[in-house]
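In case you want the letters, here they are:
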Amino acid sequence: MSDGILDEAYERLHRTGPEFEGWLSNHGPMAVEALTRHGHQQQVHRWLDGYLGRLDELPRGLHPITDWRSALGDAKRAGDWLAYFDRQLREHPWRDVLGTWWPRLLPGIAAGATHGVIRVGHAVRALETDDKTPQRLTELGQALGYWAARWQPVPGADRMPTNLPTDPSTGPEQVDVDAALAGLPRIDDQSGGVRDRLKRLPGVPGWEPALAALRPARSPAEAAKGLTALVHRAVLDYLRFGHTEPVMLVHAVTAPTAVLRTLPALDRALWAPSLAAAWAATAAMTSVYAPADGIAPPTVTAVTPAEVFARAARHGDEHVVKLADAVLDAHAVSGDDRLLAAPGYAGQMI
């Protein structure tokens, strides 16, 4: 990775707001981090030249954050939240700030159609590579601030168990990731934006039992394993369902990927709740955007992981780039070549 190019890109982006055209998410910081991560630094500034013109200016604050609980999810306070985290990261080590705020923000993982947590995941990965540059600290602050301003729970997730007792005989039999995803119901009216769709979930018969069906983690290691399985299954499901919502269903993959990337920077006691929140995000995006019946996945062409990402970079769409980035992470762990078809499939549809 060329650290200088990523930091230059962050400097250009940090004059812009986290959203544009109403409440579309600014994908710039996430896309440039993925491009540099996979050795495509030479494309970063040219990509930004074409992207920056659509973005809004950095929002101004109203008044400083004092009671953070009352300000969570208040998009009008976006400028205040950005200023708050900028100050926090100037005064405290970034891992301490992340460790304090991750459990506060995690229940609102649906924020910005999950882009809050996704942006944080990219920022943490950049800091894990080099945490001495101010641009990367600024990026984490803007990512956390965006998440806080758009904080939004998944309906019913507050009643999910996040840890199983160490003695499995004390609770009901629960299921693994594949079975849990297969058991998700769908909203009947799949129209409108994500916020409208999420509001319909409480009225869906079987939604809360399906949400609670995934077996919670008994240990940090089991949480990491569950997240890895969740990302893997979500990619395969994208190949079955992505034709109906090729952009929005990307987030069923990239949200749990972001959580998985963040685990090494967190206290291990937070890993099991992180799996529960990531599952809720993927389950919600699946239930509100995927059809009940999938199609046969496309045929996998023989390409290397490097070529998969190179094709995504040439395509240039931010969702295709981010999906390719997540898929390469999943493929590196599993070796399942079926996953490699997903970015190209997305590129055909987007």
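None of the values given here were measured: they were computed from a predicted structure. (Residues numbered from 1 in each chain as written. Predicted model: local features only at pLDDT ≥ 70, side-chain atom pairs only at ≥ 80, totals over all residues. Heavy atoms only, no water.)

1. Some points on the overall build of the chain
For the chain, the count of helices and strands is 17 helices and 2 strands. Since a compact globule built from 350 residues should have a radius of gyration of about 20 Å, the 19 Å found for the chain is in line with a globular shape. Dimensions of the chain, computed from C-alpha atoms along their principal axes, come out at roughly 50 × 50 × 40 Å. A burial count over the chain gives 57% of its 350 residues as buried. Summed over all atoms, the accessible surface of the chain reaches about 14300 Å², with 52% contributed by carbon and sulfur. Mean positive and mean negative side-chain charge positions of the chain (35 and 41 charges, respectively) differ by 1 Å. (Helix = DSSP H or I, 4+ residues; strand = E, 2+ residues; numbered from the N terminus. Rg over C-alpha atoms; globule rule 2.2 N^0.38 Å. Buried < 20%, exposed > 50% of the residue type's maximum accessible area, 1.4 Å probe, protein only. Areas by Shrake-Rupley, 256 points an atom, 1.4 Å probe, with all protein chains shown as cover. Lys, Arg positive; Asp, Glu negative; His and termini not counted. Charge placed at Lys NZ, Arg CZ, Asp CG, Glu CD.)

2. A word on the nonpolar core
In this structure, W81, W102 and W279 are the most contacted members of the largest nonpolar core, which totals 121 residues. Broken down by element, this core gets its largest block of residues, 14 residues, from helix α14 (residues 271-289). Counting only domains with at least three residues in this core, you end up with domain 1 (4-150) and domain 2 (177-347). (Core = buried A, V, L, I, M, F, W, Y, C linked by side-chain atoms within 4.5 Å. Domains from an automatic or database assignment.)

3. A word on the packing of aromatic side chains
Scanning the model with the defined rule gives 11 aromatic pairs in all. Ring centres of W81 and F85 lie 5.8 Å apart, and the angle between their planes is 20°; this geometry places the pair in the stacked category. You can see W81 and its partner F85 sitting in helix α5 (residues 78-91), 4 residues apart, about one turn around the helix. A residue is classified by how much of its surface remains accessible, and W81, at 0% relative accessible area, is buried. On the numbers, 5.4 Å between centres and 90° between planes, the contact of W102 with W147 is edge-to-face. (Phe/Tyr/Trp six-rings, centres within 6.5 Å; stacked < 30°, edge-to-face > 60°.)

4. Side note on the pattern of salt bridges
Close approach of charged atoms allows side chains of opposite charge to pair. This structure, assessed with the given rule, holds 28 salt bridges. R12 is the partner of D49 in a salt bridge, and the nearest nitrogen-oxygen pair spans 2.7 Å. Of the two residues, D49 sits in helix α3 (residues 44-51) while R12 sits in helix α1 (residues 3-13), which places them 37 residues apart along the sequence. In this structure R12 comes out as partly exposed when scored by relative accessible area, which is 21%. A salt bridge links E33 to R125; the nearest nitrogen and oxygen atoms lie 2.7 Å apart. On the criterion of sequence distance, the pair formed by E33 in helix α2 (residues 28-37) and R125 in helix α7 (residues 115-129) is long-range, its members being 92 residues apart. As far as the burial class goes, E33 and R125 line up, both buried. (Salt bridge = Lys/Arg side-chain N within 4 Å of Asp/Glu carboxyl O.)

5. Details of the packing of helix α6 (residues 94-105) against helix α8 (residues 134-149)
Remark: α6 packs on α8, axes separated minimally by 11 Å, with the N-to-C direction vectors making an angle of 15°. With respect to α8, the axis of α6 lies roughly parallel. Note on packing geometry: the crossing formed by α6 with α8 is left-handed. Mapping the contact onto sequence places W94, V97, L98, W102 and L105 in α6 and L137, L140, L144, W147 and A148 in α8. Class assignment of the residues belonging to the contact of α6 with α8 gives a composition of 10 nonpolar, no polar and no charged. (Axes fitted to C-alpha atoms, helices over the stretch in contact; angles between N-to-C directions. Parallel < 35°, antiparallel > 145°, perpendicular 65-115°, else oblique. Left-handed = near helix turned anticlockwise from the far one by under 90°. Contact = heavy atoms within 4.5 Å. Nonpolar A, V, L, I, M, F, W, Y, C, P; charged D, E, K, R; others polar.)

6. A word on the layout of surface pockets
There is about 320 Å³ of room inside the largest pocket. If you go around the largest pocket, you meet 19 residues; those closest to its centre are W23, L24, S25, H115 and M248. Only β2 (24-25), α10 (194-200) and α16 (318-334) provide two or more residues apiece to the lining of the largest pocket. At 3 residues, α10 tops the list of elements feeding residues into the lining of the largest pocket. Taken together, the residues that form the lining of the largest pocket break down as 8 nonpolar, 7 polar and 4 charged. Among the domains, domain 1 (4-150) and domain 2 (177-347) are the pair contributing at least three residues each to the lining of the largest pocket. (1 Å grid on protein atoms, 1.4 Å probe; cavity = no way out; pocket = protein on both sides within 12 Å on 5 of 7 lines; lining within 4 Å. Points joined across faces, edges and corners; volume = space filled by probe spheres on them.)

7. Here we look at the confidence of the model for the chain
A low pLDDT means the predicted coordinates there should not be read in detail. Across the chain, the average pLDDT comes to 94, with 95% of residues at 70 or higher. Here residues 168-173 scores under 50 on pLDDT; set against residues more than four positions off or in separate chains, the count is 2 contacts. (pLDDT = per-residue confidence, 0-100.)

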